[in-house]
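Fold and contact review
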Amino acid sequence: MSAKKIVFKEFDLSNGLHCILYKDNLKPIVNVTIGYNAGSKDEIKNKKGIAHLFEHMMFQGSENIKKSEHFEYVMKAGGTCNAFTMQDATVYFETMPSNNLEMALWLESERMNSLSITEENLVNQKSVVIEEKRKRYDNAPYGSMMQNIFRNVFEGSGYESPVIGNEDDINSFTVKEAQDFHSNYYSPANSVLVISGDIEYKETENLIRKYFEGIEKEKSIINTIRNRNNIKEIGKDIELTIHDNIRLTSLGICYQIPGSGAKEDYDFDYFSEIIANNRSSRLYRKLVYEKELLKSVMALKLSLKDGGVIIFKAMLNPGIKPDYIKNEIINEINDIATNGITDEEFEKIQNQLEFGNTAKYSQLMNISLETVFNYLYYKDTSRINTEIERYLSVTRESIINSVNDFILNKNSLTITYLPIELIKNYN
C-alpha cells in the first residue's frame, strides 16, 4: 500500500521558533498545533504537577484575551480546541475553518507571550486540577494503577512521578514559580509550530511572523542545560498488591522496553497485537473465550522519548487466582519465543498496521501531532513519510529477538489489585 508523500515547508524565526507548514487545500479547514518541550519529566522535587497545571493556566486569559475567552473565540468560529500534557511535552491545538487562521495564531501567540498568571487564576486552577486528580485517580477504581507502575518501572527518573502531580505540591505553587515556569519553558525557542490544511505558504508565513516574531524570552530553558532523564533497569522483580474498592481482581505484569522510535519499538507493536490486543490474539482466545478465566486481557505498550513499558493487563473472573493467570501469560510469552509466530499471525497484523498507519494520515490533526513529536523527539519531520517502512521492516525473527532481549529473564513489576472483600481469601 503506497501513500502520497507529505511535503512540508519549514523555517525558523529569529527568536528560535521552528515553523512547519503542510498545505492541503481539499477542504476549507486548518489545524494549528504548537508543542512545547515541557512535560512532567522537567519538574523538580516537591513541585510535581506544574506542567499539567500550566495546561489549565494557558486557557485563563492573557493581556488581550479575557479568562476562558480562548474557547469562546474558537467555538464561535466553528472550531474546536484542546490540549494535553505528557511526560515529555505539552501540546495545544485548534482546528477550524481556514478563514480563521489569523485568529488561531493570535490566540496562541497571546498566551505564549503574555499569559495572565494571577493569584486568582492560580488558586482557581489548583482546585480544578486537584478535583480532576481525585475523580480520575484517587477515587476511581484501579485509579492508582498507572501511577504505581510508573513509580516502580521508572524509579529515579523523570517519568517516576504522575503527570497529574501531587496534591501538596500543587497547593504549594506560587505565582512567582508559575511565572518562572512560563518564562523558562513557554518560549519560541523551546517550541514548534505546525500549521496544516487549507493554507497558502507565503500568506501563512507572513501571519506567523506578524504574531510570533516579536516574542522574546530572556529566561528560557533553551539557554541552559536541561536535566538528563536517565532510565535505570528494574533492579529486581517487584510484587505489589493493592487492596481497592473494586469488584474484580486486576493483574498487571510490566517490563521495560526501548523508547519511541527505537527499532524494537516497532517489534513490540506487532508482538502486543499478536499476543493480546484483538479478539483472535493468543491470550484473548485462550483465556477469555476458551477457558473463560478472564473478562479481558491486553498488552499495553507505552513509548516515551527516553524509555518504554509493556504492560500485560488482565481483568480476572471471580474466583480465579492471579498467580495462575500470571503463569498462563508468561507461558504464552515463552511459547512465542520458543516456537515462533505463524505466517497467518504475522501477515494479519502486518496488514492491520500498514492500513492503520496509512489511514491515520487522512486526518489533518494526526499529521500535525505526528509532525510535532517527530520534531520534538527527533528534529526530523520527514519521518512521517518513512514510518510505514519501519513497520514493514519488522520480521518474525526481529520480534522474537526483542522478546528475548527485553522480556525473557528480565526483572519485572507484577501489580495485583484485589477487591477488599476478597483479601482474606489470599492471606
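Refer to the structure presented above.
Residues numbered from 1 in each chain as written. Predicted model: local features only at pLDDT ≥ 70, side-chain atom pairs only at ≥ 80, totals over all residues. Heavy atoms only, no water.

1. Considering the packing of helix 9 (residues 263-275) against helix 15 (residues 396-406)
- Running from amino to carboxyl end, helix 9 crosses helix 15 at an angle of 100 degrees, the nearest separation of the two axes being 9 Å. Judged on the interaxial angle alone, helix 15 and helix 9 are roughly perpendicular. Facing Glu264, Asp267, Phe268, Tyr270 and Phe271 of helix 9, the residues of helix 15 in contact are Ser398, Ile399, Ser402, Val403 and Phe406.
- When grouped by side-chain class, the residues that make up the contact of helix 9 with helix 15 number six nonpolar, two polar and two charged. (Axes fitted to C-alpha atoms, helices over the stretch in contact; angles between N-to-C directions. Helix = DSSP H or I, 4+ residues; strand = E, 2+ residues; numbered from the N terminus. Parallel < 35°, antiparallel > 145°, perpendicular 65-115°, else oblique. Contact = heavy atoms within 4.5 Å. Nonpolar A, V, L, I, M, F, W, Y, C, P; charged D, E, K, R; others polar.)

2. Describing the sheet that holds strand 3 (residues 29-36)
- Judged by pairing direction, the sheet is mixed, and its six strands sit side by side in the order 1-2-6-3-5-4 without closing on themselves. Edge positions in the sheet fall to strand 1 (8-12) and strand 4 (80-85), since each has one partner strand and no second. For this sheet, the mean angle separating the axes of adjacent strands, direction not counted, is 15 degrees.
- In the sheet, strand 1 pairs with strand 2 (residues 18-23) via five bridges, with the strands oriented antiparallel. Within strand 2, the position partnered with aspartate 12 by the bridge is histidine 18. (Pairing = 2+ DSSP bridges.)

3. Observations regarding the sheet that holds strand 9 (residues 294-303)
- Strand order across the open sheet formed by five strands is 7-11-8-10-9, with mixed pairing between neighbours. One side of each edge strand has no neighbouring strand; the edge strands of this open sheet are strand 7 (238-244) and strand 9. Averaged over all adjacent pairs, the angle separating strand axes in this sheet is 15 degrees, with direction ignored.
- Two strands pair when backbone bridges link them, and strand 8 (residues 250-257) and strand 10 (residues 308-316) are joined in this way by eight bridges, in the antiparallel orientation. Looking at the pairing, isoleucine 257 lines up with glycine 308 of strand 10.

4. Brief notes about the environment of phenylalanine 150
- In this fold, phenylalanine 150 is placed in helix 5 (residues 145-153).
- On a C-alpha basis, the gap between phenylalanine 150 and serine 161 in space is 7.1 Å, while along the polypeptide they are 11 residues apart.
- Apart from residues no more than four positions distant in its own chain, phenylalanine 150 is found in contact with Gln87, Glu155, Tyr159, Glu160, Leu302 and Leu304.

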